[in-house]
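Descriptive structure summary
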Amino acid sequence: MSTKRILLSLLAALVPAIAQAQGLSGNLVLYTSQPNTDAQQTVDAFKARNPGVTVTFVRDGTPKILAKLSAEFEAGQPQADVLLIADSVTMEGLKKEDRLLAHEKADVSAYPAGTHDPQKFWFATKLITTGIAYNTKAGFKPASWQDLTRPEVKGQLVMPSPLTSGAALIHAATLTGAMDGGWKYYEALKDNDAVAGGGNGDVLKQVAGGQKLYGVIVDYMPIREKAKGAPIEFVFPKEGVSAVSEPVAILKSTKNPEAARAFVDFLLSKEGQELALKQGYIAAHPAVALPAGYPAREQIKVMSFDAGKALADETKNKAAFADIFGQ
Amino acid sequence: MRHRAQSRSFLERGGFCLLALVALIVVAFDVLPALRLLWAALLPGGAFNPDAMLTALSSRSAVRAAQASLETALLSTLLALPLGTAMALVLGITDLRRRRVASFLFVLSVMISPQVIALAFLHLAGPASPILNTLGFAPEAGSANPMMGRGGIILVLGLHHAPLVYVVMSAGLKRIPLAVVEAARIDGARPFRILTDHLMPLLRPHLASAALLAFVAGIGNFGIPALLGAPVNYLTLPVLIYRRLSSFGTDMIGDVSALGLLVAAIAITGVAASQVLMRRNDVQLEDDAPLRPFWLLGRARVATEIFVALVLAVTLVLPVLSLLASALVPSYGMPLSLATITLDNFVEVLARQDVTIRAFTNSLLYAGGAAGLLAGLAVPLAYGLVRLMGRARILAVSLLEIAYVLPGIVLAIACILLFLKPLPLLGFSLYATPWIILFAYLARFLSVALKPVLAGMVQVDVAQEEAAAIDGARLAQRLFGIVLPSLLPAAVAGGLMAFLLAFSELTVSALLWSAGTETIGVVLYNLEEAGLASQASAVAVVIVAVVTAAMLVLDALGRHLPAGALPWQSAMEDEAHMNREPARAPARTSVLDRLEPKAALS
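Residues numbered from 1 in each chain as written. Chains lettered and ligands numbered in written order. Predicted model: local features only at pLDDT ≥ 70, side-chain atom pairs only at ≥ 80, totals over all residues. Heavy atoms only, no water.

As for helix α7 (residues 200–208) of chain A
All names here are of chain A. Judged by how many residues are buried, α7 sits mostly within the fold: 9 of 9 residues are covered. Those residues of α7 lying buried are Asn200, Gly201, Asp202, Val203, Leu204, Lys205, Gln206, Val207 and Ala208. Where α7 ends, the next residue or the one after it, Gly210, has phi of about 80°, a positive value. (Buried < 20%, exposed > 50% of the residue type's maximum accessible area, 1.4 Å probe, protein only. Helix = DSSP H or I, 4+ residues; strand = E, 2+ residues; numbered from the N terminus.)

As for the UniProt feature "domain: ABC transmembrane type-1" (unreviewed entry) in chain B
All names here are of chain B. In this structure's numbering, the residues bearing the UniProt feature "domain: ABC transmembrane type-1" (unreviewed entry) are residues 66–274 and 360–554. Between the end C-alpha atoms of residues 66–274 there is a gap of 21 Å, over a span that is 78% helix and 0% strand. End C-alpha atoms of residues 360–554 are separated by 21 Å, and the span's content is 78% helix alongside 0% strand. (UniProt positions renumbered as here; feature names shortened; annotations may be inferred.)

Focus on the interface of chain A and chain B
With 48 residues of chain A in contact, the opposing surface of chain B contributes 53 residues. Across the chain A to chain B interface the summed buried area is about 4,400 Å²; carbon plus sulfur atoms make up 49%. Inspection of the region where chain A meets chain B yields 5 salt bridges. Of the charged contacts, one joins Lys421(B) and Glu74(A) as a salt bridge, the two residues approaching to 3.5 Å between their closest N and O atoms. Joining chain A to chain B, the criterion identifies 15 residue pairs in polar contact (both at pLDDT 80 or more). Of all the secondary structure elements, the ones that give two or more residues to the side of chain A that touches chain B are β1 (26–32), α2 (36–49), β2 (53–59), α3 (62–75), α7, α8 (220–228) and α12 (314–325) of chain A. No other element matches α3(A), which puts 9 residues into the side of chain A that touches chain B. (Contact = heavy atoms within 4.5 Å. Buried area = accessible area lost by both parts, 1.4 Å probe. Salt bridge = Lys/Arg side-chain N within 4 Å of Asp/Glu carboxyl O. Polar contact = N/O pair within 3.5 Å; in protein donor to acceptor, adjacent residues only side chain to side chain.)

Digging into the side chain of Thr519(B)
Residues and elements named next belong to chain B. Tracing the chain through its elements places Thr519 in the loop between α22 (509–512) and α23 (520–529). Given a relative accessible area of 0%, Thr519 falls into the buried group. Sequence-distant contacts of Thr519, that is, excluding residues within four places in its chain, are made with Ala359, Ser363, Tyr366, Ile437, Tyr441, Glu505 and Ser509.

Re the layout of surface pockets
A volume near 860 Å³ is recorded for the largest pocket. Along the wall of the largest pocket there are 40 residues; nearest its centre are Thr37(A), Arg224(A), Glu225(A), Lys228(A) and Leu532(B). If you list the elements that add at least two residues to the lining of the largest pocket, you get α2, α7, α8, β10 (232–235) and α10 (270–278) of chain A together with α14 (344–352) and α24 (533–557) of chain B. With 9 residues, the top contributor of residues to the lining of the largest pocket is α8(A). Broken down by class, the residue content of the lining of the largest pocket amounts to 19 nonpolar, 11 polar and 10 charged. By volume, the second largest pocket is sized at about 540 Å³. Along its surface, the second largest pocket is lined by 22 residues, and Leu66(A), Ser70(A), Glu97(A), Glu314(A) and Lys318(A) are the ones closest to its centre. Looking at the lining of the second largest pocket, the elements with two or more residues in it are α3, α4 (88–96), α5 (166–178) and α12 of chain A together with α11 (237–248) of chain B. Residue composition of the lining of the second largest pocket, by class: 9 nonpolar, 7 polar and 6 charged. (1 Å grid on protein atoms, 1.4 Å probe; cavity = no way out; pocket = protein on both sides within 12 Å on 5 of 7 lines; lining within 4 Å. Points joined across faces, edges and corners; volume = space filled by probe spheres on them. Nonpolar A, V, L, I, M, F, W, Y, C, P; charged D, E, K, R; others polar.)

Here is the structure:
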């Protein structure tokens, strides 16, 4: 063996060791539907552990993130490495299209079955329920989904649109499955002059700002703003709530699979789950406590829904909603 | 002899290069995007299929959106027209004090991008308004924000486009010879009669042209209806296009191209009609002095000044105060008081969030880069157009306007169509890179940057250049030695103007941004959509500060510029400008009128 080859093989043996010593490096692009502030905190916490990795994130509603991603697939250059979006139905769709990378070594021992894909293509990180919020100045306090069709609520209800929000799409699929008459429930809301325009953030703004008194919204937003002093209250309706799990997944086209895996590991770790708690979310990890303002974990009644049907009907549901609410 | 022959051959060669540059720019930035759009709408999938286009155009939501676009554009024009005209007259013919400051502030309000203005008005009214809450005037909870929906869009569009009317009307006033007023005075006419009997008939084509421009700006506007209409499902065509593309993806691009073509057709018809009107009824300002303020208001002056102050308060001061108030409360919906006031939102967007910091850097980079390139391109382009093209320049200048007249959202679709698939031969796609945004900015703001340079170019003396040519100076030498020094201030001003408009724009980048290439306009919209109204306001306040600073730099540069290069200076009385007129170049009117005025279209 020539000296040169010895040197080369020595070098080759050293490179991983050096990389290991310095930790992970390179760029990581995260596409997420988390609000900007939360996404930034998540990224900062990950970077504190992995200072060598530069994380860039893009935030938008899940359907918009997917639309952007599909254009990028078409252009032949998907930008994202990791997705952290609202719902697992969308993830199932991407898995079927063979866009995801399995993370076989992910440690899911603490999590019950069903919170992650059995083949480890995606992993739930939180439990985000959709319920009812009202402005504290409202006279009537709704307690159920059916209450939203009452005359007291007429003209005062705002909802997120499934064209903007992934949680809203699942919510529509859940409610139309669970309520008698399916889409008739939404027709009744429309007859009660409900509006659906933007995402959950828009609902928060309108209800906290008092432009509308009632809103259909994800739990953490009003609970968090109430703690800051905003005049808003959140209700878990008596029929139950719909829920999404904000799953994380790695795209097959990632240029930095090592860092992507580390990001997933971080979200599933105790530390990552406690960050979710600190941010005001219900963490997916069953051992992590619930944030202030929530009832106990077992008191939250989640309505069941058919994930396979939701995936098959995705476009149909969007169109049905758009048709009723004129989008 | 031999020496001259050599120089001529070089001149021809250089001339050819310049002509090629002009042609390349016209084709790349204007003709190509327009053709690509036509192709996508008329020949979806490569076959002529007008049915597909008709289906897209006749869907219920498309018809509704077209109706919303037409009514908001039309009614807002009815508001902008009297307001802008009144301001132009008051600041142009009366002896009002501080006309210069008023003109600057009025035009500043149109330079602040529409989505910032929309955000400001949104937070100005309604139960959550920090200002109203602080004053205790906030309407009861559960009452809708009056700025949301049709009425709000019309109001804000009207106020926002009034300065556009003002700029056109001020330019029109400037073209009326002082002799008209003097002759009427000798006849004993009072100022009011001079205005109604002598000036207004001369201003009629400008009035029509201003109305058309305000209408076109209303049709193409995205920021205002996106923030004020989308949350209550009152969608105009540009917002419908955005929503379809951003929620359903590029599968919709064929439908969306058809809608884009519809918007483009309305806009192009409007602008073309306005230009025909201006040219047909042009007042010839030959060697006469232009109009100067002649109406001494006397006791009515204070009342008039209060009117101007009110207009400025409503269009600029109140909205900016509203933004500031929203940015200083911890959460939207809370009143501003000593107990609640906080700088957290500024810290969050300026120091903590990578996205906003990156977006500020990106916008500075893209807008600055585009502005620099455009300033550099404008000089040879103006030279080629004015010196080398003869009559063909009218066609070329018209073509160069396409990308500016196209609503921004439509230009963005054209860019996606052009650059989504990997480029032929090169094999990579510009989509999801900064280059697609830079390309769109170059195309869109070229005619803005070109305007002052073209105005300066027609004033560069041919004789001086001819003398240099006889001395054997080559084209390049003449360009750098003679033309460039006299056009430099105009090129810088054109670049700055492009920067001003590009820095916080949203219409183009809303569809073109991707991870890492967010612009500040996109981040502002995104924050507002995510419900982070206070942080969005903080971003908006910073945008206003940057735009104001750039305007002040431009204003300071104003003394070195050809008359009329800056829209807010056409109305002010400045002796230096007065004396520089009239221009000598005979070709001036035909070229310049096609370029007036270059304030923000959408």
